[in-house]
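# Residue-level structural notes
The residues making up each chain are set out below.
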Amino acid sequence: MSKIAILGLGTVGTGVAKVVAENSRQIERRLGEPLSVKAILVRHFQEGPWRQLMTDDFDKIEQDQEIRVVVETIGGVGAAYEYTKRALSAGKHVVTANKQLVAEKGCELLELARRKNVNYLFEASVGGGIPVLHPMTQCLSANRIDEVYGILNGTTNYILTRMVRTGSFFSDALREAQAKGYAEADPSADVNGTDAGRKICILADLAFGRQVRPEDVPLEGISRLSLRDVKVAGRAGYRIKLLGRAIRLSGGGRTAYVAPHLVPEDHPLANVEDVYNAVMVRGNATGEVMFYGKGAGELPTASACVSDVIEALEHNGRREDIGWTEDPEGFVDPLEVQTRFYFRIEGSLTDAALAFGQVEVLSEDGETGFLTERISGHEARELSRNLNVLACLRVLG
Ligand code: HSE
């Protein structure tokens, strides 16, 4: 019998306990022995099916030799960081969905795991139930990864979908996403792009082999997005999606950012809706590969955690193929990247053309919506400085 402990009993922790119980036969077939949850660390005891497993004493879990894997679902970098270090130091594998901890301290924790000859696995930290980190680091390992981008936050994608499909108000759609267990404890992390920012850091770390620090990654969320832009873009054949992007630049640099983009309707990301996420990985041999599935929620996220538990227990020794160096050298401001921009200005087409030269007009009704040629973010700022800008978004492609 293999035994694990779960730290935290929120959405993901509960999902892990459920998947271990409900899929026990299948997991046993795979492991060759039953898997069971021996302890669940909680701050407050609650009634329910796991009442007998609950403890508020991490020491007991740390010292319990039978517990081979700790699944950390506390979130954040406080207690989660402390307990992860202690569990790894005690020779236990640690599995997590905690993207903040992986994005900020992943390098250090992977090094500690290496020294202790155990695994620190975090497939669930990006894309919820979608297998993306394993395929990127294993199946695509023959490639130089040149770009990773995609819809990395289920809550904001759900909100955008509701706004477009049913004209829901932002606040109503957010409440629905919270009720479904998609949103972070503090949903501003979803809405302002912080959550997607942590995920793009993890993808960039693994894709490029060097740390991308969350504090270096510019974030723009969806709170300032107006339904007007959604409509103008829609009529012109674009959907607005919040994307995280990590790009290897010619010359050896790399960059990453999160921002809403106009996505052409015929691009595969345009039809990724509701809580679904999709990650595009561009390898120099494969071209683009797309990973698609549910990016948040109890059971999808738990599925990735429990698969990591199985992998940790199955593996004789450690996975050597995940990791990156801590050196953040070579990170370039994403404003250097050239792309087309969508602007909506309080002004005429003549004002737009005077500032940008050739533009493609999307709407003219007192305000003007238009697309620029490919320019850098610096140029977009500079050329628009005398305009009354109501909206400015990048265009994908
Ligand atoms: N709040 C996150 C999301 C959960 O909505 O995508 C999954 O990381």
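Remember, it's a predicted structure, so these values are computed and weren't measured experimentally.

What the domain assignment reports for the chain is domain 1 (2-129 + 298-314), domain 2 (133-294) and domain 3 (337-395). If you average the C-alpha positions of domain 1 and of domain 3, the two centres end up 49 Å apart.

Take the site of the ligand next. In the vicinity of the ligand, the contacting residues are Lys99, Asn153, Gly154, Thr155, Tyr182, Ala183, Glu184, Asp190, Asp195, Lys199, Gly295 and Ala296. At a separation of 2.6 Å, an oxygen atom of the ligand approaches a polar side-chain atom of Lys99. A distance of 2.7 Å is found between a nitrogen atom of the ligand and a backbone nitrogen or oxygen belonging to Tyr182. The fraction of the free accessible surface of the ligand (260 Å²) that becomes covered by protein chains is 93%. Those elements that provide at least two residues to the shell around the ligand are α7 (154-166) and α10 (194-208). Split by residue class, the shell around the ligand holds three nonpolar, four polar and five charged.

This brings us to the environment of Val148. By the element assignment, Val148 lies in strand β7 (residues 145-151). The sequence separation of Val148 and Val306 amounts to 158 residues, and the corresponding C-alpha distance is 25 Å.

So, on to the pairing of strand β14 (residues 367-371). Counting buried residues in β14 gives four out of five residues, a clear majority hidden from the surface. In this sheet, β14 lies alongside strand β12 (residues 338-346) in antiparallel orientation, the contact comprising five bridges. Bridged to Glu346 within β14 is Glu367. Linkage of strand β13 (residues 360-365) to β14, two consecutive antiparallel strands, is achieved through a turn of one residue, within which Gly366 is found at a positive phi near 90 degrees.

The next thing to look at is the pairing of strand β8 (residues 238-248). Most of β8 is tucked away, with nine of its eleven residues classed as buried. In this sheet, strand β9 (residues 254-264) lies alongside β8 in antiparallel orientation, the contact comprising eleven bridges. Its bridge partner being in β9, Lys241 is matched across the sheet by His261. Following β8, the chain reverses through five residues before pairing antiparallel with β9; Gly251 in that reversal takes a positive phi of roughly 100 degrees.

Tracing the chain through its elements places Thr137 in helix α6 (residues 133-139). Look past the residues within four positions of Thr137 in its chain and what remains in contact with it is Leu206, Arg319, Asp321 and Ile322.

The interhelical angle for the contact between helix α2 (residues 24-31) and helix α12 (residues 298-314), taken along N-to-C directions, is 25 degrees, at an axis separation of 10 Å. The orientation of α2 relative to α12 falls into the category roughly parallel. As α2 runs across α12, the sense of the crossing is right-handed. Across from Ile27, Arg30 and Leu31 in α2, the residues of α12 making contact are Val306, Ile310, Leu313 and Glu314. Tallied by class, the residues present in the contact of α2 with α12 amount to five nonpolar, no polar and two charged.

Our next topic: the nonpolar core. The biggest cluster of nonpolar side chains holds 102 residues, and the ones touching the most others in it are Val16, Ile61, Tyr120, Phe122, Leu203 and Leu262. Per-element tally for this core: the top contributor is α10, with nine residues.

Attention shifts here to the packing of aromatic side chains. What the rule picks out here adds up to nine aromatic pairs. When the ring of Phe58 is compared with that of Tyr83, the centres are 4.2 Å apart and the planes differ by 20 degrees; the resulting orientation is stacked. Pair noted here: Phe58 is in helix α3 (residues 58-63) and Tyr83 is in helix α4 (residues 79-89), with a separation of 25 residues, a long-range link. For the ring pair Tyr276 and Tyr292, a centre distance of 5.1 Å and an interplane angle of 10 degrees mean the geometry is stacked. Highlighted residues: Tyr276 in strand β10 (residues 276-283) and Tyr292 in strand β11 (residues 287-294), separated in sequence by 16 residues. Each member of the aromatic cluster is reached from another via a ring pair, and the members are Phe341, Phe343, Phe356 and Phe370. A cation sits over an aromatic face here: Arg245 above Tyr149, 5.7 Å from the ring centre. Its end group placed over the ring of Tyr257, Arg394 keeps NZ or CZ at 4.2 Å from the ring centre.

Parameters at a glance
Residues numbered from 1 in each chain as written. Predicted model: local features only at pLDDT ≥ 70, side-chain atom pairs only at ≥ 80, totals over all residues. Heavy atoms only, no water. Domains from an automatic or database assignment. Near = heavy atom within 4 Å. Polar contact = N/O pair within 3.5 Å; in protein donor to acceptor, adjacent residues only side chain to side chain. Areas by Shrake-Rupley, 256 points an atom, 1.4 Å probe, with all protein chains shown as cover. Helix = DSSP H or I, 4+ residues; strand = E, 2+ residues; numbered from the N terminus. Nonpolar A, V, L, I, M, F, W, Y, C, P; charged D, E, K, R; others polar. Buried < 20%, exposed > 50% of the residue type's maximum accessible area, 1.4 Å probe, protein only. Pairing = 2+ DSSP bridges. Contact = heavy atoms within 4.5 Å. Axes fitted to C-alpha atoms, helices over the stretch in contact; angles between N-to-C directions. Parallel < 35°, antiparallel > 145°, perpendicular 65-115°, else oblique. Left-handed = near helix turned anticlockwise from the far one by under 90°. Core = buried A, V, L, I, M, F, W, Y, C linked by side-chain atoms within 4.5 Å. Phe/Tyr/Trp six-rings, centres within 6.5 Å; stacked < 30°, edge-to-face > 60°. Lys NZ or Arg CZ within 6 Å of the ring centre and 35° of its normal.

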